[in-house]
Each structure stands twice: as structure tokens, then as C-alpha cells.
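So you can see what is in the structure, the chains are spelled out below.
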Amino acid sequence: MKKRIAIFASGFGSNLQAIVDYAEKNEINGEIALVFSNNRNAYALERAVKQGIKNVCFSPDDFKSRQLYDREILKLLDREKIDLVVLAGYMLLVGIEILKKYKNKVLNIHPALLPSFKGTHGIKEAYDYGVKVTGVTVHFVDEGLDTGPIILQEAVSVEQNDSIEKLEEKIHTVEHKIYPLAVKYFCEERLIIKDRKVSIL
Ligand code: GRF
């Protein structure tokens, strides 16, 4: 059975696009069934419309509590029979109830080599720190911030003359290459987690 994938995105959605494009050209044993955003102005939603993918948007501000927001998301995932949640620039923490129900079924991409430079400014913080090597991490999401088991990592070197914009471009190029691969591996049930170490069959 093909896995039903939901992509959560709050912004530009270039990773969403990379996964959609990859799934169109390659066998991934999955289909992108839903795009969800908390941000009405997210370009990611426009991409979903263009691709003809069902898209839904609501934000925590529409609810009395964060718990009610999370429950609405859970209902949505349930209705759409979602097997995998892919965070692609989703700027909110995923609620604990969702993580419990979707344990080891939520992926995230982080624009640095975890556990370095966690949080929302991974590229800039690595650049400002003066690292010579940074990179991209795809990982399972657990209750912590960017702490879940690591699926794939790829290094990106920071050259002497690289501007921050150049580094961002290099990071995004790698993101668009490795995130679709991780999604593919998940859909083929090739990811095994043991003692927080992920092996790829
Ligand atoms: C990416 O850099 C990703 O690593 C981070 O948020 C950014 C999202 O970019 N989590 P986009 O919306 O996919 O273009």
C-alpha cells in the first residue's frame, strides 16, 4: 500500500516542491495526500494548489488553546488516513499528542549538522560562528527541539569567500536532494531505529 504523506510547511515551500517533483519522477511508494500550513500567506499553499494537492490551513490563533489546535490537526490526519508527516519549514513545534500518535512517523529537515546549531537560525548561526563545514540533517521528530534520531546528513563546506546567501543556496541544494530520499526510504519501510541509531535497509 502506498503511504499517504502530509507535508507541513509555513513558508516558501521549496522542500515541499522538491519532494513533490521527486515523487512525480520516481517510484516512492507514497503519495502526497495533503499540505498543511499554519500560515495563510505561505507560498507553500500556492504550490499545493498549483500541484492539485489538497491543502488545509489553520493557525493556533483560530483556537482557544494549543491543545485544541493540535487536536484539529490530529482529526485532519486521521480523516486523510495519513501515514507520514513531513515537516518542511513548519515553524511551530509539533504537539505532544500528535507525536504520540505518530511516533517515528514525523520527519524534519534541519539546515545544519545536528546536534550543532539547533533551532530556527541554523544557517546563520553556523556562518557567524565561522565553521568550515556545516550541512543538512534529516531526522525523526521527538519531543525535543531537533533532537530525534538522525536519518541522513550531508556536509556542506563553507569556503572563505562564501556570503551567507551563497551558503544558504548551497544548503538548500543539498536539502532538496536528501529530503526526498529520506521520504522514499520511509515509504519503503527501510528505516530501522535502534537505540536512536537509524539504519537504512
Ligand atoms: C529549510 O532550510 C529547512 O531546513 C528549514 O526551513 C527551511 C524551509 O525552507 N527547516 P522551504 O520553505 O522548504 O523553502
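Not measured: the values here are computed from a predicted model. (Residues numbered from 1 in each chain as written. Predicted model: local features only at pLDDT ≥ 70, side-chain atom pairs only at ≥ 80, totals over all residues. Heavy atoms only, no water.)

Draft legend 1. Representation of the sheet that holds strand β4 (residues 84-87). Across the sheet, which stays open at both edges, the seven strands sit in the order β3-β2-β1-β4-β5-β6-β7 with mixed pairing between neighbours. Of all the strands in the sheet, the pair left with one neighbour each is β3 (55-57) and β7 (150-157). For this sheet the average axis-to-axis angle between neighbouring strands, irrespective of direction, equals 20 degrees. Across three bridges, the pairing between β4 and strand β5 (residues 106-110) is parallel. Its bridge partner being in β5, Leu-87 is matched across the sheet by Asn-108. Lying on the sheet, helix α2 (residues 43-51) is in contact with β2 (30-37) and β3; it crosses β3 at an angle near 155 degrees. (Pairing = 2+ DSSP bridges. Helix = DSSP H or I, 4+ residues; strand = E, 2+ residues; numbered from the N terminus. Axes fitted to C-alpha atoms, helices over the stretch in contact; angles between N-to-C directions. Contact = heavy atoms within 4.5 Å.)

Draft legend 2. Representation of the packing of aromatic side chains in the model. For the coordinates displayed, the defined rule picks out 10 aromatic pairs. Ring plane angle 50 degrees and centroid distance 6.4 Å describe the contact between Phe-36 and Tyr-69, whose orientation is recorded as tilted. Here Phe-36 is found in strand β2, whereas its partner Tyr-69 is found in helix α3 (residues 66-79), with 33 residues between them in sequence. Tyr-69 carries the same exposure label as Phe-36, and that label is buried. Taking 5.7 Å as the distance between ring centres and 70 degrees as the angle between the ring planes, the aromatic pair formed by Phe-117 and Tyr-129 counts as edge-to-face. Here Phe-117, found in the loop between β5 and α5 (122-129), pairs with Tyr-129, found in helix α5; they are 12 residues apart in sequence, far enough to count as distant. Of the residues examined, Tyr-129 reaches a relative accessible area of 65% and is grouped as exposed. One aromatic cluster is present, built from ring pairs that chain together Phe-8, Phe-36, Phe-58, Phe-63, Tyr-69 and Tyr-90. Positioned above the aromatic ring of Phe-12, the side-chain terminus of Arg-47 is 4.5 Å from the ring centre. (Phe/Tyr/Trp six-rings, centres within 6.5 Å; stacked < 30°, edge-to-face > 60°. Buried < 20%, exposed > 50% of the residue type's maximum accessible area, 1.4 Å probe, protein only. Lys NZ or Arg CZ within 6 Å of the ring centre and 35° of its normal.)

Draft legend 3. The site of the ligand, seen in detail. Close to the ligand lie Phe-12, Gly-13, Ser-14, Asn-15, Gly-89, Ile-109, His-110, Pro-111, His-172 and Glu-175. Residue Ile-109 places a main-chain N or O atom 3.0 Å away from a nitrogen atom belonging to the ligand. Of the pockets mapped on this structure, the ligand occupies the largest pocket. Secondary structure elements with two or more residues in the shell around the ligand: α1 (14-25), β5 and α6 (164-187). Partitioning the shell around the ligand into residue classes produces three nonpolar, six polar and one charged. (Near = heavy atom within 4 Å. Polar contact = N/O pair within 3.5 Å; in protein donor to acceptor, adjacent residues only side chain to side chain. 1 Å grid on protein atoms, 1.4 Å probe; cavity = no way out; pocket = protein on both sides within 12 Å on 5 of 7 lines; lining within 4 Å. Sits in = over half its atoms within 2 Å of the grid points. Nonpolar A, V, L, I, M, F, W, Y, C, P; charged D, E, K, R; others polar.)

Draft legend 4. Quick peek at the pattern of salt bridges. Taken as a whole and assessed by the stated rule, the structure comprises 15 salt bridges. The salt bridge involving Lys-3 is made with Glu-189; its shortest N-O contact spans 2.5 Å. Here Lys-3 is found in strand β1 (residues 3-8), whereas its partner Glu-189 is found in the loop between α6 and β8 (191-194), with 186 residues between them in sequence. On the basis of relative accessibility, which here comes to 54%, the residue Glu-189 falls in the exposed class. Its salt-bridge partner being Lys-75, residue Glu-72 comes within 3.4 Å of it at the nearest N-O pair. Here Lys-75 and Glu-72 lie together in helix α3, a separation of three residues that amounts to about one turn. (Salt bridge = Lys/Arg side-chain N within 4 Å of Asp/Glu carboxyl O.)

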